[in-house]
Amino acid sequence: MNQKRSSDFEKQAAEAGGGFFSEFWVFLKDNKKWWLLPILLAFLLMGALLLAGGTGAAPFIYTLF
């Protein structure tokens, strides 16, 4: 039994991980933390607006505020 557990652990450790976003999605799904998703999306949107503020799209973004 103990040898089988060790084998399963080694097999899972050898598999390639899915990355940050897939790990975060599994965390949200397993722990039922769905309220974190709108906060994350708001942070991503604000980051995109900040990055776009330094480009030629800046005059159009500033009119939003």
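Not measured: the values here are computed from a predicted model.

1. Points about the overall build of the protein
Phase 1: A count of helices and strands for the protein gives four helices and zero strands.
Phase 2: In the protein, the order of α-helices and β-strands from amino to carboxyl end is α-α-α-α.
Phase 3: Taking all 65 residues of the protein together, 5% fall into the buried category.
Phase 4: Working note: accessible area of the protein is about 5,900 Å², and carbon and sulfur atoms make up 69% of it.

2. Section: the packing of aromatic side chains
Phase 1: Here the structure, examined in full by the defined rule, presents four aromatic pairs.
Phase 2: A ring pair is formed by F20 and F21, whose centres lie 5.4 Å apart and whose planes are at 75°; its orientation type is edge-to-face. The pair F20 / F21 is uniform in exposure class, with both members exposed.
Phase 3: Ring geometry for W25 and W34: centres 5.4 Å apart, planes at 65°, overall edge-to-face.
Phase 4: W34 gets classed as partly exposed once you look at its relative accessible area, which sits at 38%.
Phase 5: Three or more aromatic residues joined by ring pairs form one cluster here, namely F20, F21, F24 and F27.

3. Overview of the confidence of the model for the protein
Phase 1: Residues at a pLDDT of 70 or more form 88% of the protein, whose mean pLDDT is 81.
Phase 2: Per-residue pLDDT, averaged within each element of the protein, yields its smallest value for helix 1 (residues 2-14) (71) and its largest for helix 3 (residues 36-52) (90).

Parameters and conventions
Residues numbered from 1 in each chain as written. Predicted model: local features only at pLDDT ≥ 70, side-chain atom pairs only at ≥ 80, totals over all residues. Heavy atoms only, no water. Helix = DSSP H or I, 4+ residues; strand = E, 2+ residues; numbered from the N terminus. Buried < 20%, exposed > 50% of the residue type's maximum accessible area, 1.4 Å probe, protein only. Areas by Shrake-Rupley, 256 points an atom, 1.4 Å probe, with all protein chains shown as cover. Phe/Tyr/Trp six-rings, centres within 6.5 Å; stacked < 30°, edge-to-face > 60°. pLDDT = per-residue confidence, 0-100.

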